[in-house]
Amino acid sequence: MKWDLVLENWELFANGVWMTLQLTLLALAIGFCIALPCGLARARRVPILNRAIVAYVYLFRGTPLLVQLYLVYYGLSQFDVVRDSFAWPILREAYWCALITFALNSGAYATEIIRGAVETTPEGEIEAGLALGLTKFQVTRLVLLPSALRRALPQYGNEVVFMMHGSVVASVITIQDILGAGRTLNAKYYVAYEGFLTAALLYMALTFVFVMAFRGLESRYLKHLDIELPKRRLLPAAMR
Amino acid sequence: MDQLLAYIPLLLRGALVTVSLAVLALILATCLGALAAAGRITGGRIARAIVTTYTTLVRGVPDLVLILLIYFGGQRAINDLGAMLGWEYVALSKYWSGVLSIGFLYGAYLAETFRGAYRTIPRGQIEGAYALGMRPVPTLLRVSLPQFIRFALPGYANVWQVLVKSTAVVSVIGLEDLVGLANDAGKSVREPFIFFSFVLVMYLVITYVSTTFFEAMERRYALKGRHP
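All figures in this text were calculated on a predicted structure; none of them were measured in a lab.

Looking at the confidence of the model for chain B
Right, so step 1: Residues at a pLDDT of 70 or more form 98% of chain B, whose mean pLDDT is 90.
Right, so step 2: We note a pTM of 0.89 for the whole complex and an ipTM of 0.89 for its interfaces.

Below, the structure is given as structure tokens:
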């Protein structure tokens, strides 16, 4: 083991961590913006939209992220329409392809999480809001969403960790994220363990940071609820 | 589209590689998960510490990192060992590296599923069986196991769905599975979109078939009468 190689190339890994964090957090943010209206529309069974959203969620949750990424990055360039369009400068970049794919993927998972949380909101909370004379929109904004989103926190925390883990496939299309940095190190010095082990440790560390952050959020925003908080939970137990 | 039709037999063989890899990995993960859960429930302090380390560390690492580590790191380890003992060059199989990595990874998740399901079985039932004079093995097989399966099935089905999708990343080390073959073929005939769309459809078919299967299993092990 030549750990001094890792220390000498610390900037490579620092940039990798930054790239992974950036891709993950941006994808989660855009995904959340997709998921909020989609989740509400699903919970309220909005006629045509509901079907369309079911199809979107099924497609993205039922297939591997790597194949989705290949389809966007390699697949779209097959069409001349895409190559000649104004979007080509964006769609030819690996970074933007990864971000678009991850955002759509995370949006599909988050849609289901939000739908579940909205559907399990006690009817009385909504009725109380309406009885106080709030409009439907006000009830959604002031009663439904604050109540539903905080109950979605534990599951959303899982989604955050799995999005971060899922983002490793970005390294396959040449993006220098954490794993990309590890692969570069291994290729440059012709070593087999150092790059991958460092990457594994960095992903593990990031996972703990995210899990801790969500545990903090949960103990703050779920305090009023009479449920047992998962104190001993170190890592997400449920899967995507 | 004609190109795709010509390649369908090849891609279906790739799908067979994907599915068989997933099933073997699931078997390995089930064994590891059961062993880890048993160690966590009945083991002493050392066994529990080993299991906790395994489930905690492994669940913090993404699938692709583990696969690359086991495939390339394992090859280097075999080479070093071979040089020491004077073997011929032994090449690590991509297929088995994939089975090993994915099985090892999802064993950690299944350990949690199994432990949770075991804890849900009411203690009184096992005590009741003993009080009626049942021996430990029949108690396990006829009282604990049917309920354990009922509680573990939803989580188990969930892990399987994620595991299947995880097999796609084994193509990164050059395995000729569904994704790897579609990648090569799609690029060589310059129709990657159509080929990857076919892969998506294949994965949806696998997901659909396994959902149907697990739903049937859950109905089979459900409490009769309570869930019509």
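Okay, back to it.
Observations regarding helix H9 (residues 136–151) of chain A
Residues and elements named next belong to chain A.
Right, so step 1: In this model, H9 (16 residues) spans 21 Å end to end at C-alpha, consistent with the 22 Å of a helix rising 1.5 Å per residue.
Right, so step 2: The largest bend in H9 amounts to roughly 40° and is located at leucine 144, with the proline proline 146 lying one to four residues further along.
Right, so step 3: Those residues of H9 that sit buried are Leu144, Ala148 and Arg151.
Right, so step 4: Residues of H9 that are buried in the fold lie against helix H7 (94–119), helix H8 (123–131) and helix H10 (153–166).

Considering the interface of chain A and chain B
Right, so step 1: With 32 residues of chain A at the contact, the number on the chain B side is 36 residues.
Right, so step 2: The set of elements that each furnish at least two residues to the side of chain A that touches chain B consists of helix H4 (65–75) and helix H12 (194–221) of chain A.
Right, so step 3: A class-by-class count of the residues in the side of chain A that touches chain B yields 25 nonpolar, six polar and one charged.

A look at the packing of helix H2 (residues 45–58) of chain B against helix H4 (residues 94–120) of chain B
Residues and elements named next belong to chain B.
Right, so step 1: The interhelical angle for the contact between H2 and H4, taken along N-to-C directions, is 115°, at an axis separation of 9 Å. Between H2 and H4 the crossing geometry is left-handed. Packed against H2, whose contacting residues are Val51, Tyr54, Thr55 and Val58, the element H4 presents Phe104, Leu105, Ala108, Ala111 and Glu112 at the interface.
Right, so step 2: Along the lines of polarity and charge, the residues of the contact of H2 with H4 split into seven nonpolar, one polar and one charged.

What counts, and where the lines are drawn
- Along each chain, numbering runs from 1 in the same order as the chain's sequence is written.
- Chain labels run from A onward and ligand labels from 1 onward, assigned in the order the entries are written.
- At least 70 in pLDDT is required for a residue's local features to be given in this predicted model, at least 80 for side-chain atom pairs to be given and counted, and no such filter applies to totals for whole chains, interfaces and linings, which use all residues.
- pLDDT expresses, on a scale from 0 to 100, how confident the predictor is about each individual residue.
- Secondary structure elements are taken from DSSP: a helix is a run of H or I of four residues or more, a strand is a run of E of two residues or more, and numbering for both begins at the N terminus.
- In a helix, the anticipated span is given by 1.5 Å times the number of residues less one.
- The term bend refers to the angle at a residue between two fitted axes, each drawn through seven residues, those ending there and those starting there.
- As a rule, residues whose C-beta atom has 12 or fewer other C-beta atoms within 10 Å are exposed, those with 20 or more are buried, and those in between are partly exposed; C-beta atoms are placed from the backbone.
- Any residue pair is listed as a contact if its two C-beta atoms, each placed from the backbone, are within 7 Å.
- Classes in brief: Ala, Val, Leu, Ile, Met, Phe, Trp, Tyr, Cys and Pro nonpolar; Asp, Glu, Lys and Arg charged; the others, Gly included, polar.
- Orientation is described by axes fitted as lines to C-alpha atoms, over the contacting stretch for helices, and by angles from 0 to 180 degrees between their N-to-C directions.
- The sense of a crossing depends on the near helix, which, turned anticlockwise from the far helix by less than a right angle, makes the crossing left-handed and, turned clockwise, makes it right-handed.

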